[in-house]
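Fold and contact review
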Amino acid sequence: FAASDSAFAKISSSAFKNLSQPTKTQNYLSYNTLPFQLELTASMSGRYLKSSTGRLVRITLRNGEWYLNNVAKIATPAAQVKSGLIYFVDRVVTQ
């Protein structure tokens, strides 16, 4: 999952500065990365998935739209990249 440019524009400058620290950036990227390719299907709604850091993220389908941890709307379809899929979200999700 990757926060969109508009999602980063919504956070405070201090939060952005905090995320810009190398260890914080690595943690953020790992937390929002799944070690497998995710295909969003209705049967996936409500499931907890283990991120690359081992922390759980939850995906849910509400009113025809997907959400990450019940707060960030997941844009579909995903963007295909060389290493897999990227789903953009409308909020910066750090936990």
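What this report covers is the structure whose coordinates are included nearby.

1. Brief notes about unusual backbone geometry
The linkage connecting Thr76 with the following residue, Pro77, adopts the cis geometry, with an omega of 0°. Within the secondary structure, Pro77 sits in the loop between strand E5 (72-74) and strand E6 (79-81). Positioned with a positive phi, Asn69 is a non-glycine residue whose angle comes to about 55°. If you trace the backbone, Asn69 turns up in the loop between strand E4 (65-68) and E5. Take Asn69: its relative accessible area is 18%, and that puts it in the buried class. Residue Asn70 is not a glycine yet carries a positive backbone phi of 65°. For Asn70, the location among the structural elements is in the loop between E4 and E5.

Rules and cut-offs
- Residues numbered from 1 in each chain as written.
- Predicted model: local features only at pLDDT ≥ 70, side-chain atom pairs only at ≥ 80, totals over all residues.
- Heavy atoms only, no water.
- Helix = DSSP H or I, 4+ residues; strand = E, 2+ residues; numbered from the N terminus.
- Buried < 20%, exposed > 50% of the residue type's maximum accessible area, 1.4 Å probe, protein only.

Read these as layout, nothing more, since geometry by itself doesn't imply function.
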